[in-house]
Amino acid sequence: MPNRHGRGLQFQLPTGTTASGAWIVAGVAAIVVMAIIYGATDALHFAYDDYELWLMDLTNDPFRALIAKYYRHYRIGAEIYNTFAANLTDFSRAGFHALALLWHGLAAALFAACLAVAFPHQRRTARAAAVLAFAMPLLTATTYIAFLDCARLAMVFTWLGLLLVLLWERKASSSPRLLILSMASLYAGFTVYENGIAFIALLPVLVGASRQSRGERWMPPTDRLRSAAVAVAALAAVVAVHRWVLNFADVGVSKYAGGASAWEMLTDQVRHLSEATVPGHADSVAVVAGAIAAAGAMVLLWAPSPASSSRRGVAVASMVALGAGMVALGILPFLLAGFMRAAGWEQGLRIHSSAAYGVAILLAVPMTLPGMGRAGGALVALVAALWTVQWAELRHPWVAAAKGHCRLWSSLFDAVPAVAEGTTIIVTGFPHWEGGVPVLSHPNNIRAFLQMAYRSAGDREQIVTFIVRDGVASRPWMVARHDGIVADDLPGLAPRRLDRLLIIHRDGTAFRVVPEMGGQYRSSVELLEGVELRTNPKVILPAAARPPLVEHSRLLGHGCKLVDAGRAPS
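Residues numbered from 1 in each chain as written. Predicted model: local features only at pLDDT ≥ 70, side-chain atom pairs only at ≥ 80, totals over all residues. Heavy atoms only, no water.

Colleague: Is there a simple way to explain the overall build of the protein chain in this structure?
Modeller: Within the protein chain, the secondary structure is distributed over 17 helices and nine strands. Here the protein chain holds 570 residues, and the buried ones make up 55% of them. Counted over contacts in the protein chain with a minimum sequence separation of 6, partners at least 24 positions apart contribute 79%. Here the protein chain has roughly 23,200 Å² of accessible surface; of this, 63% comes from carbon and sulfur atoms. (Helix = DSSP H or I, 4+ residues; strand = E, 2+ residues; numbered from the N terminus. Buried < 20%, exposed > 50% of the residue type's maximum accessible area, 1.4 Å probe, protein only. Contact = heavy atoms within 4.5 Å. Areas by Shrake-Rupley, 256 points an atom, 1.4 Å probe, with all protein chains shown as cover.)

Colleague: What exactly am I supposed to notice about helix 7 (residues 151-170) here?
Modeller: Helical geometry: 3.6 residues make up each α-helical turn, so side chains three or four residues apart lie on a common side. Helix length check: helix 7, at 20 residues, gives a terminal C-alpha distance of 29 Å against a target of 28 Å (1.5 Å per residue), a fit within 8%. With respect to burial, helix 7 is a largely interior element, 18 of its 20 residues being buried. (Expected span 1.5 Å × (residues − 1).)

Colleague: In this structure, what is going on with the nonpolar core? I would like to understand it.
Modeller: Note that soluble globular proteins tend to have their nonpolar side chains buried in a common cluster. Membership of the largest hydrophobic core comes to 100 residues, with the highest contact counts inside it found for F111, W159, L322, M326, Y357 and I361. If you tally residues by element for this core, the top one is helix 7, at 13 residues. Those residues in contact with W159 that sit more than four places away from it in its chain are A107, L110, F111, C114, F199, M326 and Y357. Membership of the second largest hydrophobic core comes to 24 residues, among which are A401, F413, F430 and I467. (Core = buried A, V, L, I, M, F, W, Y, C linked by side-chain atoms within 4.5 Å.)

Colleague: I would appreciate a short explanation of the packing of helix 11 (residues 262-277) against helix 14 (residues 352-367) in the present structure.
Modeller: Think of two packed helices as two axes; the pair is described by the angle between the axes and how far apart they sit. With their axes 11 Å apart at the nearest point, helix 11 and helix 14 run at an angle of 70° to one another. One finds that helix 11 runs roughly perpendicular with respect to helix 14. As for the relative orientation of helix 11 and helix 14, their crossing is right-handed in sense. Contacts between helix 11 and helix 14 involve M265, D268, Q269, H272 and L273 from the first element and H352, A355, A356 and V359 from the second. Tallied by class, residues from the contact of helix 11 with helix 14 come to five nonpolar, three polar and one charged. (Axes fitted to C-alpha atoms, helices over the stretch in contact; angles between N-to-C directions. Parallel < 35°, antiparallel > 145°, perpendicular 65-115°, else oblique. Left-handed = near helix turned anticlockwise from the far one by under 90°. Nonpolar A, V, L, I, M, F, W, Y, C, P; charged D, E, K, R; others polar.)

Colleague: For this particular structure, what's the right way to read a nonpolar patch on the surface?
Modeller: A surface patch of nonpolar side chains, about 250 Å² in accessible area, is lined by I24, V28 and V32. Structurally, I24 is set in helix 1 (residues 17-40). Judged by relative accessible area, I24 falls into the exposed class, the value being 57%. (Patch = residues over 30% accessible without salt bridge, like charges linked within 9 Å, V, L, I, M, F, W, Y side chains within 5 Å. Salt bridge = Lys/Arg side-chain N within 4 Å of Asp/Glu carboxyl O.)

Colleague: Would you take a moment to explain the pattern of salt bridges for this structure?
Modeller: A side chain with one charge can pair with a side chain of the opposite charge if their charged atoms come near. One pass over the full model with this rule turns up seven salt bridges. A single salt-bridge network, built from bridges that share partners, covers D268, R271 and E275.

Colleague: Help me understand the packing of aromatic side chains in this model?
Modeller: Describing an aromatic ring pair means giving the distance of the ring centres and the angle of the ring planes. Summed over the entire model, instances satisfying the criterion amount to eight aromatic pairs. Where Y193 meets F334, the ring centres are 6.3 Å apart and the plane angle is 45°; that geometry is what we call tilted. Here F334 lies in helix 13 (residues 312-336) and Y193 lies in the loop between helix 8 (177-192) and helix 9 (203-213), a separation of 141 residues in the sequence. Clustering of aromatic rings is evident, with ring pairs tying together F111, W159, F199 and Y357. (Phe/Tyr/Trp six-rings, centres within 6.5 Å; stacked < 30°, edge-to-face > 60°.)

Colleague: How should the sheet that holds strand 5 (residues 478-481) be read in this particular structure?
Modeller: As a general point, the strands of a sheet are linked pairwise by backbone hydrogen bonds and lie either parallel or antiparallel. Here we have three strands laid out as an open sheet, ordered 6-5-9, and mixed in their pairing. The sheet terminates laterally at strand 6 (484-487) and strand 9 (525-527), the two strands that pair on one side only. Strand after strand, the sheet turns through a mean of 20° between neighbouring axes, direction not considered. Examined bridge by bridge, strand 5 and strand 9 share three bridges and lie parallel to one another. Bridge pairing in strand 9 links M478 to V525. (Pairing = 2+ DSSP bridges.)

Colleague: Help me out: how do you make sense of empty space enclosed by the protein in this one?
Modeller: Empty space among the atoms becomes visible once a probe the size of a water molecule is rolled across them. In total, this model carries eight cavities of 30 Å³ or more according to the counting rule given. Computed from the structure, the largest cavity encloses a volume of approximately 80 Å³. As for the largest cavity, its lining consists of 12 residues, and the residues nearest its centre are L139, A151, R152, M155 and S353. Put simply, the parts of the chain that give the lining of the largest cavity at least two residues each are helix 4 (93-118), helix 6 (137-140), helix 7 and helix 14. (1 Å grid on protein atoms, 1.4 Å probe; cavity = no way out; pocket = protein on both sides within 12 Å on 5 of 7 lines; lining within 4 Å. Points joined across faces, edges and corners; volume = space filled by probe spheres on them.)

Colleague: Mind showing me how you'd approach the confidence of the model for the protein chain here?
Modeller: The predicted coordinates ought not to be read in detail in places where the model reports low pLDDT. Summing up the model confidence of the protein chain, the mean pLDDT is 76 and the portion of residues at 70 or higher is 73%. Mean pLDDT values over the elements of the protein chain span from 61, in helix 2 (residues 62-71), up to 93, in helix 14. Per-residue pLDDT stays below 50 along residues 1-17; that stretch engages in 43 contacts with residues further than four places along the chain or on separate chains. Note that pLDDT drops below 50 for residues 563-570; the model gives that stretch 15 contacts with residues more than four away or on any other chain. (pLDDT = per-residue confidence, 0-100.)

Colleague: Just checking my understanding: could you explain the side chain of T368 for this structure?
Modeller: Looking at the element boundaries, T368 is found in the loop between helix 14 and helix 15 (373-393). Classification of T368 as buried rests on a relative accessible area of 5%. One polar contact links the side chain of T368 to the main-chain carbonyl oxygen of A364, over a distance of 2.8 Å. Sequence-distant contacts of T368, that is, excluding residues within four places in its chain, are made with R124, T125, A128, L301 and R312. (Polar contact = N/O pair within 3.5 Å; in protein donor to acceptor, adjacent residues only side chain to side chain.)

Colleague: What is the right way to look at the pairing of strand 7 (residues 501-507) in this model?
Modeller: On a regular strand, one side chain projects to one face of the sheet and the next to the other, so that they alternate. Burial runs high along strand 7: six of the seven residues are buried. Strand direction decides the pairing type here: strand 7 and strand 8 (residues 510-513), joined by four bridges, are antiparallel. Each bridged residue has a counterpart across the sheet, and for D507 the counterpart in strand 8 is A510. With antiparallel pairing between neighbouring strands as the criterion, strand 7 and strand 8 make up a hairpin whose turn holds two residues, including G508 at a positive phi of roughly 70°.

Colleague: Just checking my understanding: could you explain the pairing of strand 6 for this structure?
Modeller: Here strand 6 shows a buried face lined by G484 and V486 and a second buried face lined by I485 and A487. Sheet analysis places strand 5 next to strand 6, joined by four bridges and oriented antiparallel. Along strand 6, the bridge assignment pairs R481 with G484. Linking strand 5 to strand 6, which pair antiparallel, is a turn of two residues.

Colleague: What is the right way to read helix 8 from this model?
Modeller: Here helix 8 is 16 residues long and its end C-alpha atoms lie 23 Å apart, about the 22 Å a rise of 1.5 Å per residue gives. Residues of helix 8 that are buried: L178, L179, S182, M183, S185, L186, G189, F190, T191 and V192.

Colleague: Explanation requested: the packing of helix 7 against helix 9 in the structure shown.
Modeller: Between helix 7 and helix 9, whose axes approach to 10 Å, the crossing angle comes to 40°. With respect to helix 9, the element helix 7 is oriented oblique. In this structure, helix 7 crosses over helix 9, and the sense of that crossing is right-handed. Residue-level inspection shows L162, V165, L166, E169 and R170 of helix 7 in contact with helix 9, the latter providing L203, L206, V207, S210 and R211. Looking at the contact of helix 7 with helix 9, its residues break down into six nonpolar, one polar and three charged.

Structure representation (structure tokens):
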């Protein structure tokens, strides 16, 4: 531990050999839990607009792709990560899933380190908060965010940045190196995903608690703290310019009509956690994962801790303030962006990707009060076990939906292995969900998939896809004229020829080619007099002329079969 005046950087999370061993046991338990969930998760598929990312030629020219994305106002940090992750994993969704689990575990560890440094005499509460954050389904759901959503990686940068500020404040030297690295880490997290950027406002609480634990003044007006304030203000200015001047990321853009209120987001957290704490019908995999999580938590919570200081009440109040601040600041970016409320386990949990850390602190404080003793540790372990079971169980609806995804796309490839250049594909029977999980949801996702799958080698004219949505018949959003078809969600696109149409309809869990557009969808299309929308069978290439499929079966999922001309199913 640093001395009373904060000299030196030596700090340790627990004190004593036994406590160090407990951290090792807890770390191994966390790794085993993630390995079990990863091994039991199969056939997951990309959802929403993830396939859009593959339209950029990330493999052959990643630098050029990144520049293009930058000028399109994408989150450049996320694009850099996705580019390298895609090349590292060979576009494998299993690889993205493994990386997401890695970032989640690392974020939980850095979160624990921040609390241990700021509250050295409240390490048992810090341990409990770290355990709950690791197991909390709001942070760990095996859903869409397990892949291309970078909320977890952003929190790694956030916690690292906050930890470096704490270490800088304790260091006797006036070198600004750690502070510069901290600000760089916080800014990197913002460019990846903006969920944790508002946590810089919590630095006074963290630094003040750290000083109070050493018996020093809470926030004396020293040159070091003034320089920290200048650094934070400069970072905030850079973030503001990046967001509101350069127009990157989502913060401050009310892109969704009727976004959720702060109260709705808070009640969603309570509702989801209440559901996760009620035992369900768990399988053996989930029970084993929960048991291992509970064992690791009990070893960690029952390990010896340093004696509490005489100012424990101030430290506890600081932790409560920190937790409440994290909840409020964690949902703030999503309020500014006008996000819709998180309706279920299978969608929308990004809203809780930072606020849930505050919930973990608020739950850990009463469970580790002096009178709780080992019973409090057992209670934390029980909650962690139930949440881990829920985490493992979340894979079931997602895997079931992935199998439906596989059946749908496989049926499409069986019916139409390849089409001629310049074909316009009209897809009806969209969207499609199974068990609350999207199978076909975002139109850009379907377009991107079909463009990748049916584009022949060297063909620069991508296949154009029009998506006709079920239940969106209040106004025509496609116009079929004598000179071709246009759609209001593809602005600037030249009219597509009527004699190059392929109409595909989802019938249950299979796609099939239909001769004309069904009557139930006519209200979504404005047809000029004499215009018909009919499939031209000639756009389907004969077997001898079919080019090889561009993408491999991994685009569909494990176990999916693709039929390619001249080859057996992959």
